[in-house]
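Observations on the three-dimensional arrangement
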Amino acid sequence: MQHYPHLFSPIQIGTATVKNRIFMPPLSTNLADKGYVTDALVEHYSNRAKGGVGLIITEVTTVEPVYTYLPGDMSIYDDSFIPGWKKLVEAVHQYDTKILAQLFHPAYMAFPLPGTPQLIAPSNVGPYYAKAAPRAVTVDELHTIVRQFGEAAGRFKQAGGDGVEIQAAHAHGLLGGFLTPLYNKRTDEYGGDLNARLRLTLEVIEEIRRQCGRDFIIDVRISGDEYSDGGLTLNDMIYVSKQLEAAGVDFIHVSGGNTIKRGSSMPAPGTSPAPHAHAAQEIRSHLNIPVSTVARINEPWIAEELIANGRTDICMIGRPNLCDSEFANKASAGMTDDIRPCIGCGRCLTGIMFGKPIACTVNPSVQSDAVEPAENKKNVLVAGGGPAGMEAAYVAKMRGHHVVLCEKEPELGGLLRLAAVPIGKQELCRVVKYMARRLSNAGVEVRCGYEVTPQKLALEYPGYEVICTTGAVPKEIEAYKCFKQTMTADDILSGKAFPGRKVVILGGGSVGCETADYLAPLVDDRFPANRDVTVIEMTDTLMAGEGGAAKSVLTQRLMRKGVKLELKSRVTRVDQTTIVYEKDGREHSIDDADTLIFAVGYTPVPLALDHVHVLGDCDKVGNLKDAISAAYEFAKQM
């Protein structure tokens, strides 16, 4: 209470009292088994309850058997699911944490499992990514679905659950689709105006109240604004929220955006905290029930300020609780420097659509931080102080080994320090600080400015088991270094080199695009001192292998800044003053550039030693998640 008094004050939700204002919103995990609760799900949610969360809203929980949202999501469409839910509820309740199930009908967003019938929707209007047109659901079918929502809620109540969330946000699923004018083109009693589009949600609420009574929490998740032409506006949603309150809803969960406008509902890393708080604040001013906001509330002080300043009553904190299950307890104790930082990268959900369980870039042990002590204690030397080295050293120390970490540079961090330099990547600085602090607290001996060599190993560390995490170095194309000024993207980001005003970047991967963003003017205003930046990429896409909001936002920013993006282009010739490339069968020449920048990948640089364990980029070049996960998995077994 003394550290964040508003955040850790209790709040009345309906007839229940929740111990604090940190609620965990729904995040799909893919941990269910054909819809049934598994031990992994119980562990996942109970760890967050143990970590101090006041109320948990589970991931998508489907209310009928025909349409599946994701193969690993949860269900409650018949009584056979109740025992598993009871086990989950009891596991969460033991920590004085409330739990709601998010009830959901995926409709036109259902996963196309074999045998799935034609998808249903408010109208025969499907999302932009649909592979086939849905059909308009009939009124008789809607009556059945309303009853199924009520019965699903009744089963959750039988399992001991505290309430349910109705998902009507993001033009997502059946109820969200009915609410948005983007998808609802009906002319019957369920479409044509806002009251009619809201009718289905109100009928669901009425049925849940009829089956579950007044002491059962009901919240509705809405988009306070869809931020889209033709979509729901803030004024619409103020009115909707008033109708929801009148219908007996206990609190409103205000999100924003939709699934159509990429990055609007799940914001990109580096964007502003709490992007939907303005909508929550305005809606809150018109209601008498609590309101929550959600998205990019990654630090306790942000949540405290939002509540203290009257912008919201509750903060939904999802991915940070995934990244560190002890987020709430550490915040309450004032241990904010010990909270594992969520960087908002969205990789937690990257594999979900491919059947993989939920994961985290910064936390490779999403389910449990427990590391078993090693039977045989060893002396371990870790060469390289990047993210792989820091993770391996920490986990090895937790196993009980004596660990020394050596880094040839003056500071820890490796390439992660450079990755933090471009626009929107500043949260990576927090990762370096956190990992370094954790090593210090654990008692790992760290030697910076110390390069490991065979001679030093033999002399100073005889008998030590060696883990090599020495990273990788940027590639350069020797034939093109004849140009008047060449450098690598890493040279620029590290401050070792300074480019001119007309720049050509070879490589449109993440590094090339982020470097272009870093060098381009913040505003494309034709100011004489602005840099002119061209990116040349051989493939037909930027940042191949990346996806989601981060890629979308960066691409849009490059285009706004006037960066020239030459895709499907291959450099064929470079001399001291000219860069020639081929595109669409035609040859193009750039003869006024003053700097050529290489962003064409990395080459591993393992130590030239026998009998070492090679991890991270010096084994196989990958992303931050790859490096940390590989180090964790190896060290917890050594």
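You'll find the structure just up there.
Residues numbered from 1 in each chain as written. Predicted model: local features only at pLDDT ≥ 70, side-chain atom pairs only at ≥ 80, totals over all residues. Heavy atoms only, no water.

**Details of the overall build of the chain**
Where we set the bar: The secondary structure listing takes helices from DSSP runs of H or I that are at least 4 residues long and strands from runs of E that are at least 2 residues long, numbered from the N terminus. C-alpha atoms define the radius of gyration, and 2.2 Å times the number of residues to the power 0.38 defines the globule rule. The rule is simple: take the accessible area with a 1.4 Å probe, protein chains only, and divide by the maximum for that residue type; under 20% is buried, over 50% is exposed, in between is partly exposed. Note on definitions: a residue-residue contact is assigned when non-hydrogen atoms from the two residues lie within 4.5 Å.
Secondary structure summary: the chain contains 18 helices and 28 strands in total. Whereas a compact globule of 638 residues would reach a radius of gyration of roughly 26 Å, the chain reaches 27 Å, a difference of no more than 12%. Taken along the three principal axes of its C-alpha coordinates, the chain extends 75 × 65 × 50 Å. Burial analysis of the chain (638 residues in total) assigns 55% to the buried set. Restricting the contact set of the chain to residue pairs at least 6 apart, pairs at least 24 apart contribute 72%.

**Remarks on the sheet that holds strand 16 (residues 445-448)**
Where strands meet in a sheet, backbone hydrogen bonds hold them as pairs that are either parallel or antiparallel. What counts, and what does not: Only strands that DSSP links by at least two bridges are regarded as paired with each other. Axes, fitted as lines to C-alpha atoms, cover a helix only where it is in contact. Angles between the N-to-C directions of the axes lie from 0 to 180 degrees.
Taken in spatial order, the 5 strands of this open sheet run 16-15-14-17-28, and their pairing is parallel. At either end of the open sheet lies a strand with only one pairing partner, and these are strand 16 and strand 28 (612-614). This sheet shows a mean twist of 20 degrees between the axes of neighbouring strands, independent of strand direction. Two elements, strand 17 (residues 465-468) and strand 28, share 3 bridges in a ladder whose sense is parallel. The partner of C468 across the bridge, within strand 28, is V614. On the sheet, helix 11 (residues 387-398) packs against strand 14 (379-383), strand 15 (402-407) and strand 17 and is oriented at approximately 165 degrees with respect to strand 15.

**Focus on the packing of aromatic side chains**
Where we set the bar: Aromatic pairs are defined between Phe, Tyr and Trp rings, using the six-membered ring for Trp, whenever the two ring centres lie within 6.5 Å; interplanar angles under 30 degrees are classed as stacked, those over 60 as edge-to-face, and all others as tilted.
With the rule as written, the count across this model stands at 9 aromatic pairs. For the pair Y77 and F81, a centre-to-centre distance of 4.8 Å together with 70 degrees between the ring planes defines the contact as edge-to-face. Plain terms: the ring middles of F178 and Y190 are 6.2 Å apart, the flat faces sit at 85 degrees to each other, and that makes the pair edge-to-face. Of this pair, F178 sits in helix 4 (residues 173-179) while Y190 sits in the loop between helix 4 and helix 5 (194-212), and the two are 12 residues apart along the sequence. Comparing F178 with Y190, the two get one shared label, buried. Site record: aromatic cluster; members linked through ring pairs are Y36, Y77 and F81.

**A word on the environment of N321**
Mapped onto the fold, N321 is located in helix 9 (residues 319-323). Excluding residues within four positions of it along the chain, N321 makes contact with I22, M24, R48, V53, F327 and A328.

**Brief notes about the state of the cysteines**
Note: disulfide means a covalent bond formed between the sulfur atoms of two cysteine side chains. Definition in use: Working definition: a disulfide is two cysteine sulfur atoms within 2.5 Å of each other.
What the rule picks out here adds up to 0 disulfides. Free cysteine: C360, not disulfide-bonded; nearest cysteine sulfur from C323 at 3.9 Å.

**Focus: helix 2 (residues 82-93)**
As a reminder, the rule being used: To estimate the expected span of a helix, count its residues, drop one, and scale the result by 1.5 Å.
The terminal C-alpha atoms of helix 2 lie 16 Å apart, and with 12 residues this matches the ideal 16 Å at 1.5 Å per residue to within 8%. Among all positions of helix 2, only I82, W85, L88, V89, A91 and V92 are buried.

**Digging into unusual backbone geometry**
In this model, N30 sits at a positive phi of 60 degrees, which is unusual for a non-glycine residue. Tracing the chain through its elements places N30 in the loop between strand 3 (22-24) and helix 1 (39-50). What makes N30 buried here is its relative accessible area of 10%. Despite not being glycine, Y227 shows a phi value in the positive range, around 55 degrees. Within the fold, Y227 resides in the loop between strand 10 (217-223) and helix 6 (234-246).

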